[in-house]
Structure formats: C-alpha cells, structure tokens
There are 2 protein chains.
Amino acid sequence: MTTSRTKPERGRNALGPALELVHTGRAPTRAVLTTELGVTRATAGAVAGELQTLGLITVDVRPGAAAGSQGRPSHRLTIADDGPVALAVQIHADGFRVALVGLGGRIVATAPACGEVHPDPAVALAEAVAAGAELLRETGRRCVGAGLAVPSAVTEPDGIALNPLHLRWPPGSPVREIFTRCLDEAGVPVTGFCGNDVNLAALAEHRHGAGHGARDLLCVATGHRGVGGALVLDGRLHTGSAGLALEVGHLTVDPAGRPCHCGSRGCLDVETDPMALLEAAGREPGPDGSLLDQACALARSAGPGGGADETVRGATRSLIDRLARGLAGLVNILNPDRIVLGGLHRALLEADPGRLRAGVADHSLWGRSGSVSIVPGTLDHGSLVGAAELAWQPVLDDPPGALRARTPVGT
Amino acid sequence: MTTSRTKPERGRNALGPALELVHTGRAPTRAVLTTELGVTRATAGAVAGELQTLGLITVDVRPGAAAGSQGRPSHRLTIADDGPVALAVQIHADGFRVALVGLGGRIVATAPACGEVHPDPAVALAEAVAAGAELLRETGRRCVGAGLAVPSAVTEPDGIALNPLHLRWPPGSPVREIFTRCLDEAGVPVTGFCGNDVNLAALAEHRHGAGHGARDLLCVATGHRGVGGALVLDGRLHTGSAGLALEVGHLTVDPAGRPCHCGSRGCLDVETDPMALLEAAGREPGPDGSLLDQACALARSAGPGGGADETVRGATRSLIDRLARGLAGLVNILNPDRIVLGGLHRALLEADPGRLRAGVADHSLWGRSGSVSIVPGTLDHGSLVGAAELAWQPVLDDPPGALRARTPVGT
DNA sequence: CCGTTTTGTTCATGGGGGTCACAAAGCGAG
DNA sequence: CTCGCTTTGTGACCCCCATGAACAAAACGG
C-alpha cells in the first residue's frame, strides 16, 4: 500500500554546511560534498536533492571537463540560475550602489549608480531601497533578505552607525531600524542587516576573493579618508562584543608623526590614507576624480614602469614603511595567516610588494617564524557582496527554515 | 527474552556540553542542565547517568539548601571526589609547580614547590614530570592528560617555545615533544599539551575565575619582566593562526618613552612591567623576594591607605596612565567585553581602579559607548589550572571516547 | 490530608544518518 | 569490442539517540 506520508528527505542537519560549500565554490560535485562534509554518499545525495528541490542549486549531468580521469564522471552541482537573490546596498561618500546578489557572490543585477547621498539617512535609504525593489520587480526574482554596507562603525546587535561622518549623517543613526522600515514601506518584506563596509568587504573576500581558505584573515583598507580593518575567524566575521572591533586607524606608526584628531600623533589613520600620500608627494587634491582614485593613481605610477618622479616615489616608499609598521603591530596582536589589502593600501602593495612584505616581517616579532601572506583584494564591489552575505547567512545556516519564512516578491 | 546487548546509555551527543556545564559550575542540577542544554528532562537525566557511570560526577540526593522554594527539590550534581585528574605543570622564572587538577579547576594535590629550573628543558621537564608521577602514585588517581604552561610564545600546532629566555632555555625548544617524551619515560602514558602561561591563565580565569561568562575576554598580565596578553572568544582560547597572537608587549604607549629591544620606543613591555615601576619610583631591585613581588607591594602601597610617599604614588600613577593607553589600543582592536588583569597590572588596577578605567575610556575610540569592565584576576595559580584545562579538553569534547583511550596510573 | 509545583524516570515513537549492496558511467588492457 | 577496474549515484534496511507523554516522587501550603 502506498503510504501518503511526506517524503523522507534525509540529510537535514548537513544542509547548511553543504550549501555553504557550494556557495563558496568548494563543492562542485556530490563526491567532494561527501568528503568535505564527512558523510556517506547516500547522505550527500539526499542533501543535494533537497537543495535542488529548494530551488537553490541545479544538477548538470555534465558533458565534458573531467577532472579526475578515472571512474564514473560526477554530476556538476551548479548554483541555480533563477534562484533567489539578496538585496545589497552600499553607501559611500560619493553615492550609493544597489544590486541583487545570488549565491556564490554573483551580482545578478545592478541599479544605475547614484552619485549623491541625502544627508537624512531615512531619505537616502528609501531611495536606495526603492531602486532595489525596482530591480526585484524587473527580474522577478525571489528575495531572501537585504544587507546594507555603511562607512561607519556599526554596533552589534542594535545596528547603530556611530560615525557616518563622511555621509554627513548624524552620529548614532539607527541605520538597521531605518533600513528595515524602508524595506517594509517599499513592499520588500525581508529582514535588513547592516554592517561596516570594510568588515563586509573582508567577509566577501574571504568567501569569494583573495581571502578564500584563510583561517585567520585580516583585511585593512582605506576609503577616501581614514583606514578601516576587519577580521574573519573560521569563516565568521569577528566584530568584537559590541561590533566595534578592528578600529585599526589609531595604531601608532610614527611616534614623531603628525597629530591626529584622536589626541595622539602618527596614527595609521593620518599617516597612510589618500590625503597623506598626496601631501607627502606635494600634490594638491585635484577637483577631478575622488581623493582615493588620485592617490591610487599616484601610488601606481610609483610602481615598476610607472615613471613617477623621485618625490612621488619617496612619498610612496614612506607610506609603505608606515603601513608596514601598522600591519606588523596588528600581526603581533592577531597573528593572521593572510592579510588582504584594499583601497590605497592595495595600490601601495602593488607598487612595491617586496618592500611592504619585508617591512612587515622586520617589524613584527615573529615575522620570520609565523609567515603571513599579504595579498591585494580581488573583488571590485566587496562591500556590496559582503552586504549580501549578511542577508544570505540565515539561509546558509538553515536553508529550509529560512526559505519557508520568506515570501517571494516580483511582479 | 533478555537481549544481551550493552545498556542503551542514551544522550551521547549532549555529553560533552553537559560536562562542560558541570565543569564550569553552571549546572548544579539536572533541571538547569535541561534548560541550559535545550533538551528534554529525559535526555538530561540520561546524560547525567552516563556521566555518573563514567565516574566523572556524583549525584547527591541532597539534604538542605533549597534554592527554589517550591516544587520537588532537585538532586545536586557534584564533581566526583575520586574522579580522574589532569597533571599540570607550570614553569616560571623562579622554579616550577606541579599539581593534579580535577574537574572544575580544583587543585587536588600539589607537589612541593621547586625553586630552580634546569637550563636544559629535557632535564627540567623530567624533574617536573617525575614529581607529577609521584603525586599520581600517592593519590592513586586516574590521569586523563597532562598540560604544561611555559613563559614563552608557543607555536601551534607543533608546540615549540620560541623565546623561553627567562628560563635560559634555548629558543625554539620543542617543549611539547620533550614533555610528551618525559611523560612516556615516567610511565604516565597520556598526551601532553603545552601553552603560553598567560594564555592558559586567561583560559582558567574564563572558566573558573574573573572572566566567567565573558563573551570576548582579554587578559593582560606581567610576569617578572615584560607583558603578556591573551584572548578568549566564545570560551575558546584565540591563539591566532600559528599560536603567536596577543603579543601585546610592543604596543606604543609613550612615543617619547624609553627604547625597547624591539627597535621602537615606549613599548608597553618596557613601560609597565615591574622593572619600570621600580625605576620610576627610584628603587633598586632588592635581593629579597622577586621583582614581581617587590613591584606589586610598591603598587599596593600607593593605593588607598597604603601610605606611600609622593614619588611612589607618582610613579604608580604614571604606570597606570601608560597601561591605560595600551589597554585602550587593545580595546580599539579587539573590543572585548571584559578585561582581566594579572601580575603587576592587577596591583595597579587595585591601587587606583578609577584612574585606570577612566584612562581606558578616554583613550579608546568608543570608550563611552562600548563599555568594557576591567577587573582583577581571581585565581592564584591560573596558569596551572589553565594547563590542566588543556589536558581536560579532549574529555570535555567527547567524554566516553577520551576516557576509553586512557589507562589508569597509580600504584 | 489533599492540590500544586517542580523534578526525575520509564516507555514507545520517530527522525536522521550509517551500512550495504547494486546500478551506472567512463577508462584502459587485451 | 568486450571485459574488468574504478569511481559515482541510489535504494533498502538498521541503529542510535532525542523527543513526547504519562507516571512517580518530593517538598510546600492551605
């Protein structure tokens, strides 16, 4: 007799880890899923089937590209082309970006860039969310959540932006609350998550970029002014007990350096940011292009084949040396196995990788013993992808549970 | 028919977490075990029964001391009086300590203190382990493992002491390997674990002392010379990717300070250690008592009702201010919710708690927003207890598995 | 002495993953 | 081309462990 019970659907516990493996590109087939998850082939097959019925992945009985030459070729697990997406918003000093991001950190759709941020966070976020809702309508994709990246320290768990000064937003703005309200009003009934932009870029680099596979990943990056840091431990963002960790800007890198608004002098913040390079090179910030772009161009010109004059080369070397001191200080405290640099710091690394790496090794206590690799970031819109990661996280933790709760949007 | 199968013994999965709750004193009865573990009463009962048959805990149908006034009184879960122990060894500049430590961080037996450390680590550790084996023989207790605390950075996972300079051991000594060999030769067939003494003290403070319940715990302590740090995240020691994290001694706390052997100047290491206080107070290190004890006594005399002269008070204040700068720098990077201080730093805190706390708040970026509590350590032999924690960890992770593998010692 | 409340225990039930055997799909040797 | 060899995918059955419900136990209060 055919019992009318619901199908067994085994492998519910391993569902989250399995999706995470596919998400980070570490599980192209059921076979590697088996070994990575440490379960049997039967369970891995059931897990893959469940993810398929959830509409998250598709299975290709693939035509070619055999990796292992022997044995039965495995089926390829692919992220579903028409699967759900996360709504990602990044606010920066020059405007905001809005995109839909699917599993695997793939940017599925982007709204036209906006070049101005309204000084009232409620208005600015309403604009951004409206653009996102429009994208959802156009694509008809289901939305699993929304993430927001802000150039400010953001408290945990309340989601308050303490210093969004470059946006001219009031300090202490409750951005998570505002973001969630905007989502509600725009008819996108999903949870909103917020985070610091450098933190989120670090998360994205760890899952889909230059930080892939690192156990203890340290990211350091400049925006237009100032320096930010982030730490990813065991695949999770470490934000400290209140979300305020990795404020690395006020490490002392030059005891005789210029005064900083924090009261000390020679801070990383004022000694290695774009303005510092322009000043050291004797340049005025030009009207065309952002401060960050100008500084990066300058640093690149000081690199091999860049053809910069001696003043610029000297200024770049000087900044590299100070950055090395700062990174060495962080290495002493955090002992990461990889450092990913972004913004101007990435350009400094690319201008003279040897000098920076040697400087860090020289100034850190165990520079010779504990080897740390220092690499440039690889993602163009890391903060945006990272914001989406926040929204995807509940799905990665419990796929069926998170997807049950959400309602589709579109049309 | 009576099936001759082994007894069911349910609740194997929750066994580790349950033991950890008892171990850290957070599960006095089966009832709280139920709520803390998030399982049913049936499972909690089975778990308690299993721990009992393993000889780790005992159940007291207790006579008095009813906490909740209503309902059936619960049975008290107690750590077994004759249960297994861990062999703990702490090496410090003035000698070594050896003890047997039971669950809950209880020191069960101590060997007479030894006042000298042989310059060959193999000889020194053989002496210590011999004393430990003697203790095991005397008490007849079963041994689950052995832990060693060393005043040096220790690499993970190989267990190499990079700078045991105060012991006059050669840098790069493979202490874990030596320790394990000594254990074998002494007839104590257990695994040996090693760690930095401050790290282990932090672990002990988190589980049994002033750090109990903290999410992100930072410990900073002085030995006789220099400063050490440690971080406990979510109950686990964070030692970085190679075990070399939290080398906090070379944070700059006074840009105009005295030169440090690291090449910089004004490092926490040389500005806030016992020698720094003695120098600032114009005292010579006396022959009687250790440097640490003299400095602590001096700091205490500068506290309320201590009756120190103005020179000593000024020196103490100055050290407190520099320590505050260093702690603030760490707060900016790590954002802990609690800081436990040990050694001279503990004495400095107790001499003037208000000044230190205000200094940290003033110099940290979010001192006002992200509140961090700063407290003195409470354990007398934190490193020793922490070393035992290392040895206990496998048992906490998988009680039946770890206990099956071990063989009893004694007699 | 009897309800109420909380705790501990027994027993049947069921979900979820493991084990095992078998089928499928290429590769290479003969 | 056919026959093994190797690896991958799948279905049937089993075992472990936690749940849920009912019952028993041990106080307290009227």
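What you see is a predicted model, and the numbers here were worked out from it, not measured in a lab.

Rules of the game
- Residues numbered from 1 in each chain as written.
- Chains lettered and ligands numbered in written order.
- Predicted model: local features only at pLDDT ≥ 70, side-chain atom pairs only at ≥ 80, totals over all residues.
- Heavy atoms only, no water.
- Helix = DSSP H or I, 4+ residues; strand = E, 2+ residues; numbered from the N terminus.
- Rg over C-alpha atoms; globule rule 2.2 N^0.38 Å.
- Buried < 20%, exposed > 50% of the residue type's maximum accessible area, 1.4 Å probe, protein only.
- Contact = heavy atoms within 4.5 Å.
- Areas by Shrake-Rupley, 256 points an atom, 1.4 Å probe, with all protein chains shown as cover.
- Lys, Arg positive; Asp, Glu negative; His and termini not counted.
- Charge placed at Lys NZ, Arg CZ, Asp CG, Glu CD.
- Least-squares fit on C-alpha atoms with pLDDT ≥ 70 in both.
- Salt bridge = Lys/Arg side-chain N within 4 Å of Asp/Glu carboxyl O.
- Expected span 1.5 Å × (residues − 1).
- Bend = angle between axes of the 7 residues up to and from the residue.
- Pairing = 2+ DSSP bridges.
- Axes fitted to C-alpha atoms, helices over the stretch in contact; angles between N-to-C directions.
- Core = buried A, V, L, I, M, F, W, Y, C linked by side-chain atoms within 4.5 Å.
- Parallel < 35°, antiparallel > 145°, perpendicular 65-115°, else oblique.
- Left-handed = near helix turned anticlockwise from the far one by under 90°.
- Buried area = accessible area lost by both parts, 1.4 Å probe.
- Polar contact = N/O pair within 3.5 Å; in protein donor to acceptor, adjacent residues only side chain to side chain.
- Nonpolar A, V, L, I, M, F, W, Y, C, P; charged D, E, K, R; others polar.
- Domains from an automatic or database assignment.

Draft legend 1. Representation of the overall build of chain A within the structure. The helix and strand inventory of chain A stands at 14 helices and 12 strands. For chain A, whose C-alpha radius of gyration is 23 Å, the value lies close to the compact-globule estimate of 22 Å for 411 residues. On the principal axes, the C-alpha backbone points of chain A span a range of 85 × 55 × 40 Å. Residues classed as buried in chain A amount to 55% of the 411 residues present. Taking the contacts inside chain A whose residues are at least 6 apart along the sequence as the reference set, 63% of them involve residues at least 24 apart. Looking at chain A as shown, the accessible area adds up to about 17200 Å², and 51% of this sits on carbon and sulfur atoms. For chain A, the distance from the average site of its 37 positive side-chain charges to the average site of its 42 negative ones is 8 Å.

Draft legend 2. Structural context of the relation of the copies chain A and chain B. The two copies are related by a screw motion: chain A maps onto chain B through a turn of 180° and a shift of 0.1 Å along the axis, at an RMSD of 0.1 Å. As the rotation angle and translation indicate, the two copies are arranged about a two-fold axis. When C-alpha distances to the rotation axis are compared across chain A, the minimum falls at Pro 255 of chain A, with a value of 2.4 Å. An overlap of 100% is found between the interface residues of chain A and their copies at the interface of chain B, pointing to a shared contact surface.

Draft legend 3. Up close: the pattern of salt bridges. The tally for this structure, following the rule as stated, stands at 26 salt bridges over all chains. For Arg 346 of chain A, the salt bridge is made with Glu 350 of chain A, and the minimal N-O distance between the two is 3.5 Å. Of the two residues, Arg 346 of chain A and Glu 350 of chain A are both situated in helix 11 (residues 344-351); the distance of four residues between them amounts to about one turn of the helix. By relative accessible area, which is 34% here, Glu 350 of chain A ends up partly exposed. Residue Arg 236 of chain B is joined to Glu 20 of chain B by a salt bridge in which the shortest nitrogen-to-oxygen separation is 4.0 Å. Placement of Arg 236 of chain B in strand 10 (residues 236-238) and of Glu 20 of chain B in helix 1 (residues 15-23) is noted, with a sequence separation of 216 residues between them. Several salt bridges share partner residues, and in doing so they unite Arg 258, Glu 271, Glu 279 and Arg 322 of chain A into one network.

Draft legend 4. Spatial organisation of helix 13 (residues 382-397) of chain B. All names here are of chain B. Along its 16 residues, helix 13 runs 21 Å from first to last C-alpha, staying within 8% of the 22 Å computed at 1.5 Å per residue. For helix 13, the principal kink sits at Ala 391 and spans about 40°; a proline, Pro 394, occurs within the next four residues. Within helix 13, 14 of the 16 residues are buried, which leaves it mostly tucked inside the rest of the structure.

Draft legend 5. Expanded view of the sheet that holds strand 4 (residues 95-101) of chain A. Residues and elements named next belong to chain A. A sheet is described by the order of its strands in space; here five strands give the open sequence 5-4-3-6-7, paired in mixed fashion. With partners counted over all chains shown, the strands left at the sheet margins are strand 5 (107-110) and strand 7 (192-196), one partner each. The mean inter-strand angle of the sheet, taken between neighbouring strand axes irrespective of direction, is 25°. Bridge count between strand 6 (residues 143-150) and strand 7: five bridges; the pairing is parallel. Looking at the pairing, Ala 146 lines up with Gly 192 of strand 7.

Draft legend 6. Quick peek at the nonpolar core. With 88 residues, the main nonpolar core has Leu 344 and Leu 356 of chain A together with Leu 344 and Leu 356 of chain B as its most contacted residues. If sequence neighbours within four positions are ignored, Leu 356 of chain A has contacts with Ile 320, Leu 323, Ala 324, Leu 327, Leu 341, Leu 349 and Ile 374 of chain A.

Draft legend 7. Representation of the pairing of strand 8 (residues 216-222) of chain B within the structure. Residue and element names in this part refer to chain B. Within strand 8, seven of the seven residues are buried, leaving the element largely enclosed by the surrounding structure. Burial along strand 8 is two-sided: the face carrying Asp 216, Leu 218, Val 220 and Thr 222 and the face carrying Leu 217, Cys 219 and Ala 221 are both buried. Of the pairings in the sheet, the one linking strand 8 to strand 9 (residues 227-233) comprises seven bridges and is antiparallel in character. Each bridged residue has a counterpart across the sheet, and for Thr 222 the counterpart in strand 9 is Val 227. Bridge analysis of strand 8 against strand 11 (residues 338-342) gives five bridges, and the strand direction is parallel. Across the sheet, residue Leu 218 finds its bridge partner in strand 11, namely Ile 339.

Draft legend 8. Representation of the packing of helix 1 (residues 15-23) of chain A against helix 2 (residues 30-37) of chain A in the model. All names here are of chain A. Remark: helix 1 packs on helix 2, axes separated minimally by 11 Å, with the N-to-C direction vectors making an angle of 125°. By the angle between their axes, helix 1 is oblique relative to helix 2. Of the two possible hands of crossing, helix 1 and helix 2 adopt the one that is right-handed. Counting all contacts with helix 1, which are made through Pro 17, Ala 18 and Leu 21, the residues of helix 2 involved are Leu 33, Glu 36 and Leu 37.

Draft legend 9. Fine view of the interface of chain A and chain B. Across the boundary between the two partners, chain A contributes 33 residues, which contact 33 residues of chain B. Buried surface at the junction of chain A and chain B, summed over both partners, amounts to about 2800 Å²; 65% is from carbon and sulfur atoms. Counting the surface chain A buries against chain B, the share from its top three residues, Ser 241, Ile 333 and Trp 366 of chain A, is 25%. The tally of links from chain A across to chain B stands at zero salt bridges. For the pair chain A and chain B, the interface holds 22 residue pairs in polar contact (both at pLDDT 80 or more). When residues of the side of chain A that touches chain B are assigned to their parent elements, the largest contribution, five residues, is made by helix 10 (residues 310-334) of chain A. Split into classes, the residues belonging to the side of chain A that touches chain B amount to 15 nonpolar, 13 polar and five charged.

Draft legend 10. Molecular detail of the domain arrangement of chain A. The domain architecture assigned to chain A consists of domain 1 (15-63 + 74-79), domain 2 (85-199 + 382-405) and domain 3 (212-376). Here the C-alpha centre of domain 3 of chain A lies 39 Å away from the C-alpha centre of domain 1 of chain A.

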